[in-house]
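Tertiary structure, described
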Amino acid sequence: MKNELCIFDKKNHTFVIAEAGSNWKIGTYQEDLKMAKKLIVAAAEAGADAVKFQTFRANTVYAHNAGKVTLHDKKTVVDINELFENLSMKYEMIEKLAKLCKENNIMFMSTPFSIEDAKKIEPYVKIHKIASFEINHIKLLEYLASTKKPILISTGASNYEEIDFMIDFMEKNNSGKIGLLQCTSNYPCDIEKLNLSTIPTLKNRYNLPIGFSDHSIDPIVGPITAVGFGARVIEKHFTMDKTLSGPDHFFAVNPDELKMMISMIRNSDKSKGSNIKKILEEEKELRKFATRSIQAIKDIKKGDILEESKNFSILRPGKQKRGAEARALNEIEGKLAIHEIKMGEGILLEDCSD
């Protein structure tokens, strides 16, 4: 797989996707368009890098007469084909939303569920996204690979065998850069089931940028923990109103929570620093003051034998002259002072001889 730097694996900038999903759908076409635009503006104001919708047609997702499902309220039963038909975005809306994203300096994204869907969004996206349950959709994968654009792939409800096959398939089809998202396909997902420790495991196994698609209700715990594990991407569902009808509103974050989440992520980004352990400029003054060194604990005359605990010890020097590093203890022990050393002063190797 190509190793060039991609927009979603910048070292100290977590790529945040505000997942609008189907939360734009509230009524008539004009009402839907207005809500979708509100979501774009809210995502931009919150500081997200991208806002993502979903592009699908019911007849290319589920089989005919696929059955009924019970929604989160445990009461409402809906036909899955009808639900997807109702939530499908008209293709004509895509260009309008992409244009508004550009005006608000936020990236437009949309998850396609068929080749036709992918072709409709292709002119407007810089990054493609594949939903968890499409990870084995080889015709869609093949088309998206042909675009050579970066592709983010969610891995909910999948195992290594399936991910291995998908990555091998994309490599054989010369795809653009791939990123994987740890995901638990449960809505909402309990904190205990996020399984975020798989992020470094996936990174080590595939040597790809890894992120996290979060379906939990909490706006902070999952995303910040994921960043701590090395996530390069955070995807989170959001809505203008959690009480709206629809399958994704109730577990999504609201605009204020989204803004708080992104602020926390940006602070987390700042805390990463480099991967090199070194003495920082900000540490040097206190290091000189407080790190232990070899200091005289009484006045020492020229010719005195230097003995630990009798005339010197390993102490923090404070504003005294700093002595040799504590690790030089055995090189100083038993030697002779070549000049007077005042109580409290540091003892250096050049202050003594055999």
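Residues numbered from 1 in each chain as written. Predicted model: local features only at pLDDT ≥ 70, side-chain atom pairs only at ≥ 80, totals over all residues. Heavy atoms only, no water.

Attention shifts here to the overall build of the chain. When helices and strands are tallied, the chain shows 11 helices and 14 strands. Its C-alpha atoms give the chain a radius of gyration of 30 Å, clearly above 20 Å, the size a compact globule of 354 residues would have. Based on the C-alpha atoms only, the size of the chain along its principal axes is roughly 100 × 45 × 40 Å. For the chain, buried positions account for 48% of its 354 residues. Within the chain, residue pairs in contact and separated by at least 24 positions form 67% of the contacts whose partners lie at least 6 positions apart. As displayed, the chain has an accessible area near 18,300 Å², and 51% of this comes from carbon and sulfur atoms. For the chain, the distance from the average site of its 52 positive side-chain charges to the average site of its 50 negative ones is 3 Å. (Helix = DSSP H or I, 4+ residues; strand = E, 2+ residues; numbered from the N terminus. Rg over C-alpha atoms; globule rule 2.2 N^0.38 Å. Buried < 20%, exposed > 50% of the residue type's maximum accessible area, 1.4 Å probe, protein only. Contact = heavy atoms within 4.5 Å. Areas by Shrake-Rupley, 256 points an atom, 1.4 Å probe, with all protein chains shown as cover. Lys, Arg positive; Asp, Glu negative; His and termini not counted. Charge placed at Lys NZ, Arg CZ, Asp CG, Glu CD.)

The subject of this paragraph is the pairing of strand 8 (residues 178–183). The buried fraction of strand 8 is high, at six of six residues. Of the two faces of strand 8, the one holding Ile178, Leu180 and Gln182 and the one holding Gly179, Leu181 and Cys183 are both buried throughout. Summarising the sheet, strand 7 (residues 151–154) and strand 8 pair through four bridges and their orientation is parallel. Looking at strand 8, one finds that Leu152 is bridged to Gly179. A crossover links strand 7 with its parallel partner strand 8, the connecting element being helix 6 (residues 160–172), and its sense is right-handed. (Pairing = 2+ DSSP bridges. Right-handed = clockwise from strand over helix to strand, strands pointing away.)

What follows is about unusual backbone geometry. Of note, the bond from Tyr187 into Pro188 is cis; its omega dihedral lies within 30 degrees of zero at -5°. One can find Pro188 in the loop between strand 8 and helix 7 (198–206). At Asn105, a residue that is not glycine, the phi angle is positive and equals roughly 55°. Among the structural elements, Asn105 can be located in the loop between helix 3 (91–103) and strand 5 (107–112).

Let us now look at helix 9 (residues 255–272). A rise of 1.5 Å per residue sets the reference length of helix 9, with its 18 residues, at 26 Å; its end C-alpha atoms lie 26 Å apart and thus fit the reference within 8%. Taken together, the buried positions of helix 9 are Glu257, Leu258, Met261, Ile262, Ile265, Arg266, Ser268 and Asp269. Lining the buried residues of helix 9 we find strand 1 (15–21), helix 1 (29–46), helix 8 (221–228) and strand 10 (233–237). Of the residues one or two after helix 9, Gly273 is the one with positive phi, at around 65°. (Expected span 1.5 Å × (residues − 1).)

All right, on to the environment of Lys75 then. Within the secondary structure layout, Lys75 lies in the loop between strand 3 (68–70) and strand 4 (77–79). Along the sequence, Lys75 and Met109 sit 34 residues apart, while their C-alpha atoms lie 33 Å from each other.

To continue, consider helix 3. Residues of helix 3 that are buried: Tyr91, Met93, Ile94, Leu97, Ala98, Leu100 and Cys101. Along helix 3, the residues classed as buried sweep out an arc of 165° about the axis, all on the same side. Away from the buried face of helix 3 by more than 90 degrees, exposed residues Lys99, Lys102 and Glu103 are located. With its phi angle positive at about 55°, Asn105 sits one or two positions after the end of helix 3. (Arc of directions from axis to C-beta.)

This paragraph deals with the packing of aromatic side chains. Taken as a whole and assessed by the stated rule, the structure comprises seven aromatic pairs. Note on Phe56 and Phe84: the rings are 5.0 Å apart at their centroids and 50° apart in plane angle, and the pair reads as tilted. With Phe56 in the loop between strand 2 (50–55) and strand 3 and Phe84 in helix 2 (residues 80–87), the pair connects residues that are 28 residues apart, well separated along the chain. Look at Phe56 and you get buried, because its relative accessible area is 2%. Here the aromatic rings of Tyr62 and Phe84 are separated by 5.2 Å at their centres, their planes lie at 80°, and the arrangement is edge-to-face. (Phe/Tyr/Trp six-rings, centres within 6.5 Å; stacked < 30°, edge-to-face > 60°.)

Relative to the assigned elements, Ala328 resides in the loop between strand 12 (312–315) and helix 11 (329–332). Expressed as a C-alpha distance, the spacing of Ala328 and Leu349, which sit 21 residues apart in the sequence, is 8.1 Å. When near neighbours in sequence (up to four residues on either side) are disregarded, Ala328 contacts Ile294 and Leu349.

The subject of this paragraph is the confidence of the model for the chain. Parts of the prediction with low pLDDT should not have their coordinates interpreted in detail. Summary statistics for the chain give a mean pLDDT of 95 and a share of 98% for residues scoring 70 or more. Low pLDDT (under 50) marks residues 1–5, which in the prediction has 13 contacts with non-local residues, meaning those over four places away or in another chain. (pLDDT = per-residue confidence, 0-100.)

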